[in-house]
Protein chains: 2
Amino acid sequence: MRNESAGTANQTGPVIGVFDSGFGGLTVLKALLQHLPQARYVFLGDTARLPYGSKSRRTIAKYAAESAQFLVREQGAEFLVIACNTASALAIDAIEAAVTVPVLGVIEPGAAAAHASTATKNVLVIATEATVASHAYAAACQRRGLHGVEKACPLLVPLVEEGWIDHPVTAEVAKIYLTEVLKEAHDAGQNPDTLVLGCTHYPLLRPLLERTINELTGAGVVRVIDSAEATAAEAARQVQQLVRGDASALGHVPQIRCFATDSVEKFERLGSRFLGVPVGRVELVDLGG
Amino acid sequence: MRNESAGTANQTGPVIGVFDSGFGGLTVLKALLQHLPQARYVFLGDTARLPYGSKSRRTIAKYAAESAQFLVREQGAEFLVIACNTASALAIDAIEAAVTVPVLGVIEPGAAAAHASTATKNVLVIATEATVASHAYAAACQRRGLHGVEKACPLLVPLVEEGWIDHPVTAEVAKIYLTEVLKEAHDAGQNPDTLVLGCTHYPLLRPLLERTINELTGAGVVRVIDSAEATAAEAARQVQQLVRGDASALGHVPQIRCFATDSVEKFERLGSRFLGVPVGRVELVDLGG
């Protein structure tokens, strides 16, 4: 019976599309695999056009919509997770207009997790330049009665990609950024107790960021929230609703296909750092960029 | 008489196209303005698809050929300077195949300047990941009887773009990279006396890099060579040949038009850091990326 339904389920369960500008979104896929280990996943990294974080809204929306269409139209995704803070912050409307399946970004789950965490209603958000310039997190916080102070940390992504995960230079850069955002919050009379990691690269620096914020504020004062984890939990809830609680519809073993628009070798090499296990063979796709 | 020829010359002198993946190539344009202050320049920064330095040869060649065609076919460039080390290293053949005008990259002038500088025939080259992986500088050095040790320094570009030009973190990162490349050269029994800046962002860090290499090797032991400067001098020589020494054919005042594929505001803001003077109004162009 289990084998039979497994055979059928692998054919019929919904395909979950996961999109990022690069590899960082694999931290969301990693969390998804813990919540929904038995689903089928198609991941796309738009590595030929990364990073999105330093580009304009218009360009980000165009790239993200093309990527979403590839996952839905060509790979049959029936549920889309935008595992990229920049695309979620600036292009969620463009993506929803480009496809007909449910779309979940990382901003709302991240802000909801911050809301659940904070007692002072004052939160800090660190993210890319474009995410911060959009003020998407501040707006999502405000809708929940919170005050969010945002800080762009453009050096953290290249430091992660250089592999300097637990490195004195990265610690120094984190200290500079976190000191600045804390000062801005304190100058505004706020008393933040929650730090949102608003970029999917940042979870790799979580131990270092937790240590640094504790050194600056005192141990236990500020809790670190990972948007990737919050998004995976929310995606799992919504996908369970899609299959109406029939978990067997999802299949019994995880299936993952990874696509990239450039440098599959680099994806395979760096991707395992984010996913925590080897990403396997990555397929090259041309989105016309 | 001068006014008359100025009027005519501005209509007839050759247009020099300068191409980079981003703003960095403006350091080459800055040097060109010193050598050929009276020419007409059209600069294109492919900012929607930067950085090239972390991407594959295939993708870089496609983007660079499209950019070169824009400068030649749509902007009438009659001489093309590829002011991007990554595109010069990986896409010079693709660019030459895409257009019919003379094309000058930064690798050969940089290697020629290294040849003129070195007494030990041992040189160091720092550049992006893609430029180093292509070994274009090592090959250009070898053709001149030199031995080049190359080192990818992926954090230097984001540090320049963050504006941390003379910053303790940048000094620490430079020290780490330069220590590693010096160790590799010494381990191979070499005695380098020349350091080539193989990326157009690096001239902004020249004082810091000169100070750091002097601290590591002793003052005056290693000379720093700027590919941008060497390329501008060579471009000026070739353009003078094109107009057969008739300088009046070039016009009498510099004319510069700047195009970018994304974020003209960011280009205008960061561009002046590279050009040394305000870049003026930057026009947005869509290359279909």
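Residues numbered from 1 in each chain as written. Chains lettered and ligands numbered in written order. Predicted model: local features only at pLDDT ≥ 70, side-chain atom pairs only at ≥ 80, totals over all residues. Heavy atoms only, no water.

Per an unreviewed UniProt entry, chain A goes by Glutamate racemase and derives from Acidicapsa dinghuensis. Taken verbatim from the UniProt record of chain A, the Pathway (unreviewed entry) comment is "Cell wall biogenesis; peptidoglycan biosynthesis." Among the UniProt annotations of chain A, the heading Sequence similarities (unreviewed entry) holds the following wording: "Belongs to the aspartate/glutamate racemases family." (UniProt positions renumbered as here; feature names shortened; annotations may be inferred.)

Some details on the domain arrangement of chain A
Residue and element names in this part refer to chain A. Annotation of chain A at the domain level lists domain 1 (2-105 + 229-284) and domain 2 (107-227). Between the C-alpha centres of domain 1 and domain 2 the distance comes to 24 Å. With 28 residues of domain 1 in contact, the opposing surface of domain 2 contributes 23 residues. Between domain 1 and domain 2, roughly 1,700 Å² of surface is buried when both sides are summed, and carbon and sulfur atoms account for 59% of that area. In this structure, the connection of domain 1 to domain 2 is made through zero salt bridges. The interface formed by domain 1 and domain 2 holds 13 residue pairs in polar contact (both at pLDDT 80 or more) in total. Elements represented by at least two residues in the side of domain 1 that touches domain 2 include exactly α2 (26-35), α3 (57-74), α4 (85-98), α11 (227-242) and α12 (264-275). (Domains from an automatic or database assignment. Contact = heavy atoms within 4.5 Å. Buried area = accessible area lost by both parts, 1.4 Å probe. Salt bridge = Lys/Arg side-chain N within 4 Å of Asp/Glu carboxyl O. Polar contact = N/O pair within 3.5 Å; in protein donor to acceptor, adjacent residues only side chain to side chain. Helix = DSSP H or I, 4+ residues; strand = E, 2+ residues; numbered from the N terminus.)

Thoughts on the sheet that holds strand β1 (residues 15-20) of chain A
All names here are of chain A. With respect to topology, six strands assemble into an open sheet ordered β4-β3-β1-β2-β9-β10, the strand pairing being parallel. Looking along the sheet, the strands with just one partner apiece sit at the ends: β4 (103-104) and β10 (282-284). In this sheet, β4 lies alongside strand β3 (residues 79-82) in parallel orientation, the contact comprising two bridges. Looking at β4, one finds that Leu80 is bridged to Val103. Each of β1, β3 and β4 is contacted by α4, which is oriented at about 155° to β3, the strand it contacts most. Across the sheet, α11 touches β1, β3 and β4, and the angle it forms with β3 is around 170°. (Pairing = 2+ DSSP bridges. Axes fitted to C-alpha atoms, helices over the stretch in contact; angles between N-to-C directions.)

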